[in-house]
Amino acid sequence: EEKGHPARALTLFASERTLSTELEYSDESLEVEQLSPEALVGMKAVILACPAAAAHPLALKAQQEGAWVVDLSGAFRTELGVPLVLGPDDPLLDGPIPGRIIELARPATQAVLAALEPVRATVGLQGLQVVALIGAAHAGQRGINALQQQTAAILNAAELDSQVFPHRLAFNLIPQVGGFTGPHTSAELALKLEVARRLGPIPLACTQIAAPFFHGTLLVISAQLDRPLEAEKLREQLQAVAGLKVL
């Protein structure tokens, strides 16, 4: 919308659960249509923000039909032939791209790498510890609605509903984002994999916590450097990073 993309050239797809839903776009309302592989025929660009199991075949179908694909699901996170990019200013987009699929890193990964890639290039990294507080929107609209309803219920001494999150999120912290795979959650493994793809095999300890705010991610990063780096030099490096604001 910010780029002035006309509504007539935009098609919204979803599963049967959200069919006929209308979303506001500029001054118009767009109806959500049912997604199928055939619906991708003729598309020039496809953005996939759905579960990875659904996104993978859809991305391959869209690529086969000649469309560029931006995947937000993580379906191609471990496929080295698919570039993992941090956003529109990523230098990877200036080089040759095999195929027509691009994997967009998770927001937490984008923030970690925006801050640490210039540091690694200058003085090197020995290890990282990351604690991420993740807003309710990581669980989609259901997560936002759940936090809203839980907050209202507590303030009105009403019964709580914790079906979306494993525990109450309102006025609480839950040390779990995604299901567990061994000692780590899926979100923690995703961050470790994505950081490793860009920074190499640097030891990374990560904890992700669901926090009672609606949108956004708060990161606390501790990094062990190969060589000393003065604070003023670090500030200069970070100020030169596109999309990163240094206060």
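Preceding block: the structure.
Rules of the game
Residues numbered from 1 in each chain as written. Predicted model: local features only at pLDDT ≥ 70, side-chain atom pairs only at ≥ 80, totals over all residues. Heavy atoms only, no water. Salt bridge = Lys/Arg side-chain N within 4 Å of Asp/Glu carboxyl O. Helix = DSSP H or I, 4+ residues; strand = E, 2+ residues; numbered from the N terminus. Buried < 20%, exposed > 50% of the residue type's maximum accessible area, 1.4 Å probe, protein only. 1 Å grid on protein atoms, 1.4 Å probe; cavity = no way out; pocket = protein on both sides within 12 Å on 5 of 7 lines; lining within 4 Å. Points joined across faces, edges and corners; volume = space filled by probe spheres on them. Right-handed = clockwise from strand over helix to strand, strands pointing away.

Give a detailed account of the pattern of salt bridges, specifying residues and quantitative values.
Pairing between side chains becomes possible if they bear opposite charge and their charged atoms approach one another. On inspection of all chains with the given rule, the structure shows four salt bridges. The closest approach of N and O atoms between Lys-61 and Glu-65, which form a salt bridge, is 3.0 Å. Residue Arg-198 is joined to Asp-90 by a salt bridge in which the shortest nitrogen-to-oxygen separation is 2.8 Å. Taken as a pair, Arg-198 in helix α4 (residues 186-199) and Asp-90 in the loop between β7 (84-85) and β8 (101-104) lie far apart in primary sequence, 108 residues in all. Like Arg-198, the residue Asp-90 is buried in the burial classification.

Any details on the layout of surface pockets? Residues and values, ideally.
Computed from the structure, the second largest pocket encloses a volume of approximately 490 Å³. Considering the residues around the second largest pocket, the lining is formed by 18 residues, among which Leu-86, Asp-89, Ala-114, Val-241 and Ala-242 are closest to the centre. Of the residues forming the lining of the second largest pocket, the biggest block, seven residues, is contributed by helix α2 (residues 107-123).

Hey, could you go over the pairing of strand β5 (residues 45-48) for me, with residue numbers and the actual values?
Burial along β5 is one-sided: Val-46 and Leu-48 are buried, while Ala-45 and Ile-47, pointing the other way, are not. As for the winding sense of the linkage, the β-α-β connection from β5 through helix α1 (residues 52-64) to strand β6 (residues 68-71) is right-handed.

The analysis is restricted to geometry; functional conclusions fall outside its scope.
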